[in-house]
Each structure stands twice: as C-alpha cells, then as structure tokens.
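Analysis of the macromolecular model
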Amino acid sequence: MAQQEEVFKKLIAHCKEYGFVFPSSEIYDGLSAVYDYGQNGVELKNNIKRYWWDSMVLLNENVVGIDAAIFMHPTTWKASGHVDAFNDPLIDNKDSKKRYRADVLIEELLAKYDDKIEKEVEKAAKRFGESFDATLFRQTNPRVQEHQAKRDEIHNRFVKALNDNDLDGLKQIIVDYEIVCPVSGTKNWTDVRQFNLMFSTEMGSTADGALKIYLRPETAQGIFVNYLNVQKTGRMKIPFGIAQIGKAFRNEIVARQFIFRMREFEQMEMQFFVRPGSELEWFKQWKATRLKWHKALGLGDHKYRFHDHDKLAHYANAATDIEFEMPFGFKEVEGIHSRTDFDLSSHEKFSGKSIKYFDPELNESYTPFVIETSIGVDRMFLSIIAAAYTEETLEGGETRVVLKLPPALAPIKLAILPLIKKDGLPEKAREIIESLKFDFKCQYDEKDSIGKRYRRQDAIGTPYCVTVDHETLENNTVTLRDRDTMLQERISIDKLSTIVGEKVSMKPLFKKITEG
Ligand code: ATP
C-alpha cells in the first residue's frame, strides 16, 4: 500500500510538472478539492470527451446531444429529490476533528475483511502449488470461513441501516467493530448526521426578492426537463437517448484523492428512454456497451469490474458501478442506473405539465422508463493517466518516465524535432508541421539534446516523434520514433500523415465497441 501511495504522489507531481493538472488558484495556496487543467491536461480531457460523445451520438442513430444550463429552476431539485435527500451520512472524530463519511468508513472495514480472505487464499496457493483448489479452500478453510462470516454480518447490518436510513444503526456498526480514526487513532466519535451536498447561490438582487438557486449536482436533470422538447423537435421514437457533457458541483465533505473527488467536476451522462417493462433488458445492454467502451482503450481488461449496488436509490430498480483499479484500489468511475419513470413522473407532478410519450406502435401514451449511464470526466482522466504512468529502466541503467496513453487520447500526436538549430533544419521542420497541422496536433521543439526532447515527449505521452536531419534535406525522409518501443525507422515525409493518422484515430476504438 505504501508503495502505491508513493506512486500516486509521483503521479500528482507529474501531472503538475507537465502541465496536466494544477491546484486551483495555487498562488493563493489553492482551493480544496478544486483543480485546473493545464495545456496538456485540457487536450487529454477534450479527447476523452470526444471519445465519449462520438461513441454516443455517432455510433447510435437514436442518441442525440444537448447542452443545458447549469442554473435551473429551483423546483427542479425539489422534484428530483435532491433538496430532501441528496445527503451524505457524516461522522466526526472528536479528537482529530476530522470528518468522515460513515458509509465510507464501514466500506473500508469490509474491504479489510476481503483483503484478509485474499491473503489466506494467496498463502495457501503458494503452499499447495498446482494442486490448489481455491474454491474448495474458500468453502472449507476455518480461518477464511471466520472472516467471511464476520464480513457478512457487518455487510448485512450495513445494508439494513442504509436502506432504513438508520443513522444510529450506522454509528453502532462503527462502535461495535471498533473503527478508529486514521488520524487520531481513537474511537471518540460524534453521532452520524446527514449533510446536503448541493451548493446554493442567489439569482437577482435581494431588493426584488432574490431566488435561491442551486448549482446542479448532476447534469441529468437538464436532460429530463428537456426530454419533451428533444422528443418533439427531433421527432424521436422510443427507444432513444439524450447525451450531455457538463459541469456539476457537490459540496463533498471528504474531498481527497486528487481529482477523484472534486467539488467542481464534469460529467458525461446519457439518459436512454425506453418502454416500461423493457428497462432491465436495456440496462443489461448498456452495461455491456459501456464496459466495451472502457476496455477498447487497452488499459488492461483486469483493471475493470462491476459493483452492483447494495442500496438502490429510491427511484432505481437496478444499479451498478464500473470500477477501475486506481492507485488506491478499485473505485467507481461510472454508474449505470435503471431510474424507472421516477424523474419524468416527478417533473410532471411538480410542473403540472404532461410529459408522456404517445407510442404509435402500441397506440397508447405512457411515461418512459430511463436507463442512465453517468461517468465523471475527471475520474476517467485519473484512471487513464494512472494506468498510463510508467517508470522504465532502459538498457544501460538509464530511466525514463513515459505516459503510455492510448494514442487517440494523447494531447500531442506528433513532435517534430530538428536535429540541430541551423542548416535549414528548423525551417524544414516547420514546413512539415504546416502540412500536418490540419490532421492532428503537432508540437515543435528545438531546445536541448535530442535525447532530452524525446524524454519530454515521453513524459506527456506523445506517441510519435519525428527527427529532421541533414538527410531530410536531401531525400525528404525523416526518422519516426515510436514512444513505446523507442524503435526508429526512416520514412518518407509523404507517409507521415497516413502512419500517424491511423495510429491516433478513434475509429479502431469505435469498431471495438460495436463489434459483437
Ligand atoms: P461516489 O459514491 O464516489 O460519491 P456517486 O455514486 O455519488 O459517487 P454518481 O452520483 O453516480 O456518483 O455520479 C456519476 C459519476 O460522476 C461518478 O461515477 C463519478 O465518475 C462522477 N462523480 C461523482 N461525484 C464526483 C466528484 N465529487 N468528483 C469527481 N467525479 C465525481
């Protein structure tokens, strides 16, 4: 674990040093859990957004996009349930004065039991070698059984307390299992309280009675209130989806782990409207499609898993998370929820306006059911950059840090480097950039030795570097260096556009998503 923390720290430092992510308003010592994206970060982020957007609206004829405002009529949040129920259960340690989410403390305890079980299994696997039967061992080993029984007991109490909204019950689990504050090491806890996560502000001047409005805590409601506008003006037939990318705000209390949990963040959400009764089939389908979208990036299939929800939100009849193996363990990156007709029905009730759909095939009107896919851009960014960050020792003992980003997402696709700063080589390099700049993002660099320049490009994940040398002036060829293999080949300048273009295209990723 300590080693993982070390890697995570290095990753955060790397993000800052190479212009990916800066603490917000850093010259004033930053603002907690708010971050800015730098010159390379914004390119990576934009590419992630494009990958998501195109996978929704290009690949699916029946998915269209919108861009709704952040500010919404305050009744929206009454109808959605956020005013009354968008809460986190909080608990304070009286000695360290640190505040925690009670549910997270208990989840961490459950994870400890999982670890204990896995360690027993690993130990036994080593001891018994090839003849080891892990399933049988889990079923019969007394120590594993003991841990499992304890875990099940805690888990059952936890699920019950969450479902009953029983704050005392949550606290009692923390007391009974002697969970200590990681900072003070004591068990001196306050009671558990609910805390609403929405930020509010005022619209208009106070003289004419300013309106209290909220900064949206999710983008989804902008889609729901526009559902009928889009359906009618786009002549959409059910099933169809509406996609949106935009900022969301949550007054997160436990805001740690860099850009994993921020107070201002960005979501990519798609609400898919279906016939009532068909929602679980669509839920299954979107679950599979979304996992393919993640896996197509090639970061490693073993880094993903589904986590089905123990506690379903009051409006949901199925929910799962796609979790990614971050440097601090498996964590949610995306949520897929079957939201029933809760949101549309509720907006219908609160607004007094009918938002039913007339189904010409069934010849009847109904309120559609909704499958939602909701992913955080920033969490996706973190998962990609964490998986891409690699420290390599090269032949001769030299080391390099390389970001093995999927080429389609890399901020810079091609670096053009004149071997020296004279003899017409810079001019030739500029000429190449001029011919390629309409195809993809290129960067010119003439400072320092060629080795140093390669390292700089490795550190920001540029898939290809081109070196312009004296031979280039003679025969219009350059050396093309591959980031991952570091192999160089001499190729004609004419071929650059095709070779690099193919490597950085999103097309192969999209094909993987649509394949069987
Ligand atoms: P968590 O349990 O981690 O608080 P959540 O279940 O509340 O997350 P959702 O409401 O399902 O999250 O939001 C959908 C997605 O939005 C999440 O999967 C995540 O990627 C992203 N997200 C939510 N909250 C934050 C945040 N504070 N900072 C960054 N991304 C977030």
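Please read all numbers here as calculations on a predicted model, not as lab measurements. (Residues numbered from 1 in each chain as written. Predicted model: local features only at pLDDT ≥ 70, side-chain atom pairs only at ≥ 80, totals over all residues. Heavy atoms only, no water.)

It is worth spelling out the side chain of histidine 294 at this point. Considering the arrangement of structural elements, one finds histidine 294 in helix α11 (residues 279–295). The exposure class of histidine 294 is buried, given its relative accessible area of 1%. Only 2.8 Å separates the side chain of histidine 294 from the side chain of glutamate 334, close enough to count as a polar contact. Ignoring anything within four residues of it in the chain, the contact list for histidine 294 reads Tyr304, Ile322, Val333, Glu334, Ile375 and Met380. (Helix = DSSP H or I, 4+ residues; strand = E, 2+ residues; numbered from the N terminus. Buried < 20%, exposed > 50% of the residue type's maximum accessible area, 1.4 Å probe, protein only. Polar contact = N/O pair within 3.5 Å; in protein donor to acceptor, adjacent residues only side chain to side chain. Contact = heavy atoms within 4.5 Å.)

Let us now look at helix α8 (residues 167–176). Three or four residues apart is the spacing at which side chains of an α-helix point the same way, because the helix has 3.6 residues per turn. Buried within α8 are the following residues: Gly169, Leu170, Lys171, Ile173 and Ile174. Contacts made by the buried residues of α8 are with β4 (87–92), α5 (102–128) and α7 (142–163). At the N-terminal boundary of α8, the capping side chain belongs to aspartate 166, with an oxygen 3.3 Å from the backbone nitrogen of aspartate 168. Directly beyond the C-terminal end of α8, a positive phi value near 55° is found at glutamate 178.

Right, let's talk about the sheet that holds strand β5 (residues 99–101) for a bit. Judged by pairing direction, the sheet is antiparallel, and its three strands sit side by side in the order β5-β4-β6 without closing on themselves. Here the strands that pair on one side only, and so sit at the sheet edges, are β5 and β6 (193–196). On average, each strand axis in the sheet is inclined to that of its neighbour by 45°, with strand direction left out of account. Sheet contacts for α5: β4 and β5; angle to β5, the most-contacted strand, approximately 70°. Of the strands in this sheet, β4 and β6 are in contact with α8, which crosses β4 at around 45°. (Pairing = 2+ DSSP bridges. Axes fitted to C-alpha atoms, helices over the stretch in contact; angles between N-to-C directions.)

Taken as a whole, the protein chain is organised into domain 1 (37–78 + 197–393), domain 2 (87–195) and domain 3 (400–512). Once you take the C-alpha centre of each, domain 1 and domain 3 turn out to be 36 Å apart. Roughly 1900 Å² is buried in total at the junction of domain 1 and domain 3, and carbon and sulfur atoms are behind 67% of that figure. Counting across the interface, domain 1 meets domain 3 through two salt bridges. Among the salt bridges present, the one from arginine 400 reaches glutamate 392, with a minimum N-O distance of 2.8 Å. Inspection of the region where domain 1 meets domain 3 yields six residue pairs in polar contact (both at pLDDT 80 or more). Those elements that place two or more of their residues in the side of domain 1 that touches domain 3 are α2 (39–57), α13 (377–388) and β17 (389–393). No other element matches α2, which puts nine residues into the side of domain 1 that touches domain 3. Of the residues in the side of domain 1 that touches domain 3, the class split is 11 nonpolar, four polar and six charged. (Domains from an automatic or database assignment. Buried area = accessible area lost by both parts, 1.4 Å probe. Salt bridge = Lys/Arg side-chain N within 4 Å of Asp/Glu carboxyl O. Nonpolar A, V, L, I, M, F, W, Y, C, P; charged D, E, K, R; others polar.)

Membership of the largest hydrophobic core comes to 62 residues, with the highest contact counts inside it found for Phe20, Tyr51, Trp52, Phe381, Leu382 and Ile385. Among the elements that make up this core, the one with the highest residue count is α13 (eight residues). Looking at this core, you find at least three residues from each of domain 1 (37–78 + 197–393) and domain 3 (400–512). (Core = buried A, V, L, I, M, F, W, Y, C linked by side-chain atoms within 4.5 Å.)

Counting buried positions over the eight residues of strand β16 (residues 369–376) gives eight, a clear majority of the element. Note that strand β10 (residues 264–274) and β16 share eight bridges and pair antiparallel. Each bridged residue has a counterpart across the sheet, and for glutamate 269 the counterpart in β16 is serine 374. Bridging between strand β13 (residues 329–340) and β16 involves six bridges; their strand directions are antiparallel. Across the sheet, residue glutamate 334 finds its bridge partner in β16, namely isoleucine 375.

What follows deals with the site of the ligand. Taken together, 16 residues lie near the ligand, and Glu252, Arg261, Met262, Glu332 and Val333 sit nearest. Within the side chain of glutamate 332, one N or O atom sits 2.6 Å away from an oxygen atom of the ligand. Isolated, the ligand exposes 600 Å² of accessible area, and the fraction of that covered by the protein chains is 85%. Contributing elements (two or more residues each) for the shell around the ligand: β10, β13 and β16. Ranked by the residues each element gives to the shell around the ligand, the list is headed by β13, at five residues. When grouped by side-chain class, the residues that make up the shell around the ligand number four nonpolar, five polar and seven charged. (Near = heavy atom within 4 Å. Areas by Shrake-Rupley, 256 points an atom, 1.4 Å probe, with all protein chains shown as cover.)

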